[in-house]
Each structure stands twice: as C-alpha cells, then as structure tokens.
Amino acid sequence: MLCTALGIVLGVLVSLYALFELHYFLRMCLCVVSARYLKKRMHILDTGTVVGLCLTNDIDTLLYHMNNARYLREIDFARVDFYERTALYRTIRSKGGSVVQGATTIRYRRFIRPFTRFTISSRIVYWDNQSIFMEHRFLGGTDGFIHCIALCRQRVMQCSVEDVMATLLKSGLVVQCTPKKLPATTSSTECLEKVETGTGMDSATLAKPDLPPEVAKWLEWNDISSASLRSECGG
C-alpha cells in the first residue's frame, strides 16, 4: 500500500515536471512571499536588489557560463520582487489595470561563470501614460562589475500609468510621515498637509525622471520597427 502511494506521488511529480516548468512556478511563489512578507517596503523610485547564483541548470552547452536566456528569466524574479515591495502591481490592479512585458533589449558584457554569485539591481528610469521603463543590471558579487544590462518596457493596460505613479509617489511620502521617521519638530498632521500640497517635501521623491537618451533612442527604434512591420502586413 505504501509503495503504491509513493508510486502515485512520484508519478504525479514527474507528470507535473513534464507538463510544466515546476521549478519556475515554485521559485516565483517564493519570490512573492519573500518580497511581500519578509522584505522592507520600497519607494517606487528606489532601486531594488535581489541576489542570485549561477548553478548547473543555468549554464549553456559550453558548460562555462550562464545561458543567455537565463538572464531574462532571472529578470522575471527581480521584477516580481520590485513589483511587490513597491506595491506597483497591486496599485495597477486596484485601478482596474493589468501589465504585460512590451519589449526588452539586453546587452551582455561579461560571462557569469558557474557557481558565481551576482546581484540584480532594478529601478524605474522613466514612464509615460502607457508604459513603465525599467533598467536591470547584473552586478558581480565581488567586484560590482556590470556583467549585463537590460531595458524593459512594461505596458500597462486599462488604466493610466501617470495616475498609478502619482498614487505611488504620494503613498511613498505618506510612509515618511510615520512618527518614527519624522523630525522631533514635525507632527504627522503637518507632514500629511505637505504631502497634499506638495510643499516642503524632497523634490527628488516627487519628480518624474528625465527621459534617458538610451531610452529615447530605443523608443525611436521601436517606432521604426513597428512602422516597418505594419507596412509588411499591409496595415
């Protein structure tokens, strides 16, 4: 009886691994739980970091560096961590919207070797009314060298990005008005009044980043590509 039960469990696990990339889903769930319940909340314009390790299931057929496709997979986990810690995804959903990956460009600068530790830093570099642009950097665990850098365009649908970001910028300032974070001479009421009026607050926490030149060129390339594809398809 025990052997039969173990056989059924083993069969189910093998079937799940055959039908789905079970490791990916399990790790994604772990990332969500860790970011939501174990890590500190971040301001929307802060830089988030996650630590990774290149293992044998990450390397390519040459067996001495990380598979190029694994970088984008690791960015998925870093992005989820950022979404949860900044409440970006929850804010988008609360406004009736959804978010999808619109475009990605990636530069590989130096190999990440097997059993090498690395850090992925993630930050928002710009946004418009439809999209959020994020930069992800793969940093060496010992020297901080930028092994890889990626730009990602997160397309937000059914709601305004400007509205989402305004909500998050404001909520980030409200967090600063908790008693533990206030100067002794400032009350919570006074701080919240400043949040409402936008006066007396750190301008860096309120300001939208300027459009980086590399993002501007990338958007130009995307527009040219879209126009070319439309002409090929006759629409």
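What you see is a predicted model, and the numbers here were worked out from it, not measured in a lab. (Residues numbered from 1 in each chain as written. Predicted model: local features only at pLDDT ≥ 70, side-chain atom pairs only at ≥ 80, totals over all residues. Heavy atoms only, no water.)

## Re the overall build of the chain
Right, so step 1: On a plain count of helices and strands, the chain comes out with 8 helices and 5 strands.
Right, so step 2: N-terminal to C-terminal, the α/β element order of the chain is α-α-β-α-α-β-β-β-β-α-α-α-α.
Right, so step 3: Within the chain, buried positions represent 37% of all 235 residues.
Right, so step 4: Total accessible area computed for the chain in this model is approximately 14000 Å², and 60% of it derives from carbon and sulfur atoms. (Helix = DSSP H or I, 4+ residues; strand = E, 2+ residues; numbered from the N terminus. Buried < 20%, exposed > 50% of the residue type's maximum accessible area, 1.4 Å probe, protein only. Areas by Shrake-Rupley, 256 points an atom, 1.4 Å probe, with all protein chains shown as cover.)

## Topic: the sheet that holds strand E4 (residues 131–140)
Right, so step 1: Strand order across the open sheet formed by 5 strands is E1-E3-E4-E5-E2, with antiparallel pairing between neighbours. Edge strands, defined here as strands with exactly one partner in the open sheet, are strand E1 (48–53) and strand E2 (98–108). Averaged over neighbouring strand pairs, the angle between their axes works out to 25° when direction is ignored.
Right, so step 2: Two strands pair when backbone bridges link them, and E2 and strand E5 (residues 146–157) are joined in this way by 10 bridges, in the antiparallel orientation. Of the residues in E5, the one forming a bridge with Ala103 is Arg153. (Pairing = 2+ DSSP bridges. Axes fitted to C-alpha atoms, helices over the stretch in contact; angles between N-to-C directions.)

## Things to note about helix H8 (residues 213–233)
Right, so step 1: The end-to-end C-alpha distance of H8, which contains 21 residues, comes to 30 Å, matching closely the 30 Å that a straight helix rising 1.5 Å per residue would cover.
Right, so step 2: All of the buried residues in H8 are Val215, Trp218, Leu219 and Asn222. Taken down its axis, H8 places every buried residue within 100° of arc, on the same side. Across H8 from its buried face, at more than 90 degrees, point the exposed residues Pro213, Lys217, Trp221, Asp223, Ile224, Ser231 and Glu232.
Right, so step 3: Taken together, the buried residues of H8 touch E2, strand E3 (117–127), E4 and E5. (Expected span 1.5 Å × (residues − 1). Arc of directions from axis to C-beta. Contact = heavy atoms within 4.5 Å.)

## Digging into the packing of aromatic side chains
Right, so step 1: Tallying each qualifying case throughout the model produces 9 aromatic pairs.
Right, so step 2: Their ring planes at 80° and their centres at 5.7 Å tell us that Tyr24 and Phe25 sit as a pair that is edge-to-face.
Right, so step 3: Residue class for Phe25 comes out partly exposed when judged on its relative accessible area of 44%.
Right, so step 4: When the ring of Tyr71 is compared with that of Phe138, the centres are 5.0 Å apart and the planes differ by 65°; the resulting orientation is edge-to-face. Within this pair, whereas Tyr71 is found in helix H3 (residues 68–86), its partner Phe138 is found in strand E4, the two being separated by 67 residues in sequence. Assigned by exposure class, Tyr71 and Phe138 land together as buried.
Right, so step 5: One aromatic cluster is present, built from ring pairs that chain together Tyr71, Tyr108, Phe118 and Phe138.
Right, so step 6: Here the basic side chain of Arg110 rests over the ring of Phe145, its NZ or CZ set 3.6 Å away from the ring centre. (Phe/Tyr/Trp six-rings, centres within 6.5 Å; stacked < 30°, edge-to-face > 60°. Lys NZ or Arg CZ within 6 Å of the ring centre and 35° of its normal.)

## Some words on the pairing of E4
Right, so step 1: For E4, a buried count of 8 out of 10 residues is recorded, marking the element as mostly surrounded by other parts of the structure.
Right, so step 2: Here E3 runs beside E4; their pairing, made up of 9 bridges, is antiparallel. Bridge pairing links Arg123 to Glu135 in E4.
Right, so step 3: With 9 bridges connecting them, E4 and E5 associate as antiparallel partners. Opposite His136, over in E5, you have Ala150 as the bridge partner.
Right, so step 4: Between E4 and E5, which follow one another and run antiparallel, lie 5 residues, and Gly144 among them has a positive phi close to 75°.

## A look at the side chain of Arg79
Right, so step 1: Summarising the element assignment, Arg79 is placed in helix H3.
Right, so step 2: The exposure class assigned to Arg79 is buried, which follows from its relative accessible area of 8%.
Right, so step 3: Apart from residues no more than four positions distant in its own chain, Arg79 is found in contact with Gln101, Met134, His136, Cys152 and Gln154.

## Some words on the pattern of salt bridges
Right, so step 1: In this structure the tally under the stated criterion is 13 salt bridges.
Right, so step 2: For Arg85, the salt bridge identified is with Asp81, shortest N-O distance 3.6 Å. Separated by 4 residues within a single helix, Arg85 and Asp81 lie in helix H3, roughly one turn from each other.
Right, so step 3: For Arg85, a relative accessible area of 14% puts it in the buried group.
Right, so step 4: Residue classification places Asp81 among the buried residues on the basis of a relative accessible area of 4%. (Salt bridge = Lys/Arg side-chain N within 4 Å of Asp/Glu carboxyl O.)

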